[in-house]
Amino acid sequence: MGMNDAKKYLRPEVMPTPFCPGCGHGILMHCILIAIDELNLDFDRMVFVSGIGCAAWIPSPHFAADTLHTTHGRPVAYATGVKLYRPELDVVVISGDGDLVSIGGNHLIHAARRDINLTVIMANNKVYGMTGGQMASTTPHGCITSTTPGGNPERDFDTCRLVLAAGAGYVARQTVAAPKDLIAVIKGALEFERFSFTEVMTNCPTQFGRMNQVPVPADMIEALKNSAVKGGRKELLTKPLPEGKFYVGRFA
Ligand code: SF4
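The residue numbers shown here count from 1 along each chain, following its written sequence. Whole-chain, interface and lining totals are the exception, using all residues; otherwise, since this is a predicted model, local features are given only for residues with pLDDT of at least 70 and side-chain atom pairs are given and counted only at 80 or more. Note: side-chain values were computed over all heavy atoms of the structure, leaving out hydrogens and water.

### Quick look at the overall build of the protein chain
(1) Moving on: Strands here are runs of E lasting at least two residues and helices are runs of H or I lasting at least four, both read from the DSSP assignment and numbered beginning at the N terminus. Counting its secondary structure elements, the protein chain contains 10 helices and 8 strands.
(2) Moving on: We take the radius of gyration over the C-alpha atoms and set the globule estimate at 2.2 Å times the residue count to the 0.38 power. Relative to its length of 252 residues, the protein chain is compact, with a C-alpha radius of gyration of 17 Å against a globular reference of 18 Å.
(3) Moving on: Structurally, the protein chain occupies a C-alpha span of about 50 × 40 × 30 Å along its principal axes.
(4) Moving on: Accessibility here uses a 1.4 Å probe with only protein chains present; expressed as a share of the type maximum, an area under 20% marks a residue as buried, one over 50% as exposed, and anything in between as partly exposed. A buried classification covers 51% of the 252 residues belonging to the protein chain.
(5) Moving on: Considering only residue pairs separated by 6 or more positions, the protein chain has 65% of its internal contacts joining residues 24 or more positions apart.
(6) Moving on: As displayed, the protein chain offers around 11,200 Å² of accessible surface, 54% of which is attributable to carbon and sulfur atoms.
(7) Moving on: Under the counting rule used here, the positive set is Lys and Arg, the negative set is Asp and Glu, and His together with the chain ends is not counted. Charged side chains are reduced to one point each, which is NZ for Lys, CZ for Arg, CG for Asp and CD for Glu. For the protein chain, the separation between the mean place of its 24 positive charges and that of its 23 negative charges on side chains is 5 Å. Only heavy atoms matter for contacts: two residues are in contact if any of them lie within 4.5 Å across the pair. The protein chains shown are the only cover counted for residues, whose accessible areas, like all others here, come from Shrake-Rupley with a 1.4 Å probe.

### Remarks on helix α9 (residues 217-227)
(1) Moving on: Restricting attention to buried positions, one finds in α9 the residues Met 220, Ile 221, Leu 224 and Ser 227. In a view along the axis of α9, the buried residues occupy a sector of 130°, so they form one face of it.
(2) Moving on: Looking at the buried positions of α9, the neighbouring elements they touch are α2 (25-39), β5 (170-175), β6 (196-201), α8 (205-209), β7 (228-230) and β8 (246-250). This arc describes the spread of directions from the helix axis toward the C-beta atoms.

### Some details on unusual backbone geometry
(1) Moving on: Here the bond from Met 15 into Pro 16 is cis, since omega is 0°, no more than 30 degrees from zero.
(2) Moving on: With respect to the helices and strands, the residue Pro 16 is situated in the loop between α1 (3-6) and α2.
(3) Moving on: For the bond from Ser 60 to Pro 61, the omega torsion is 25°, close enough to zero to count as cis.
(4) Moving on: Inspection of the secondary structure assignment puts Pro 61 in the loop between β1 (46-50) and β2 (66-69).
(5) Moving on: Positive phi, close to 60°, is recorded for Asn 40, a residue that is not glycine.
(6) Moving on: If you trace the backbone, Asn 40 turns up in the loop between α2 and β1.
(7) Moving on: Residue class for Asn 40 comes out exposed when judged on its relative accessible area of 68%.
(8) Moving on: The backbone of Asp 115 shows a phi angle near 60°, a positive value even though the residue is not glycine.
(9) Moving on: With respect to the helices and strands, the residue Asp 115 is situated in the loop between α5 (105-114) and β4 (119-124).

Right, dumping it as C-alpha cells:
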C-alpha cells in the first residue's frame, strides 16, 4: 500500500503531520495503516486511543476513525472503558513510552494482568519528546537528556519483560528501521484476541538525537538497525545483551 492508498485512512484537513522532519512516527503511522489494510479490517469498527506526547498524535487527529485523545498516562484506562462498554469494537491504543510506561505504567501492567482484549502499540523514542526532551523511564543509562545533562544515572525499563511478567499473551518488539518486520508484528497483534503489547523502537532526532550526537535521522535509523538483535522469549529472559543492544522478535 503506497502513500496514496494510505490517504483513504487519513483526514486530509490535518495533513501534513506535525512530526519533525525525520521523525520515526511517520513510518510507524504508515506501517499501522498498511497492517490494517492488509488484514482488511473495518476502520469504522475500530477505536483508537492515545494519551499525550508526539506518538499520541499518530491516530488523533490523523485517522479518519473514532479516536480518543486522552490525558497523560491514561490511554489504557480509557481504552478499557471503551472495550467494556462496546466489546464488539477493536480497541487499539497507540502512544509513546513516556505516556504508556513512565506515567501510565500501572494501567499498562494491570491491563496485561487482566488480559483485556486491547491492542497496545508503544512507540519508544527513549525520551519525553513533545514536552521538552526530559529523561523517561525508558532512557538508557548514560544518555543525555534535558534533565540529565551529565548522563542518565539510572537504568531503563525493558517494557517487554515487564508486560510479559504481568501476563500478556502477545508481546513483541520491532523497529521503524525494519518496516516489513514491523508490519508483521502489528498484524499479529491486531489479530490476537486477548491483550497484546507491541513495542516499536523509533527515532526522535530533535530531542534525543541532537543531545546524544546522532542528529541526522538516517544515522539514527542505521543505529536502530545495528542495535537490534533477533531473539525470542528465551533470549529475552535469559541472555542479557550489552548496553545499547535490544532484542527484536515475538516474545509471547
Ligand atoms: S520531538 Fe521527536 S518524537 Fe516529537 S515529533 Fe519531533 S522528532 Fe518526533
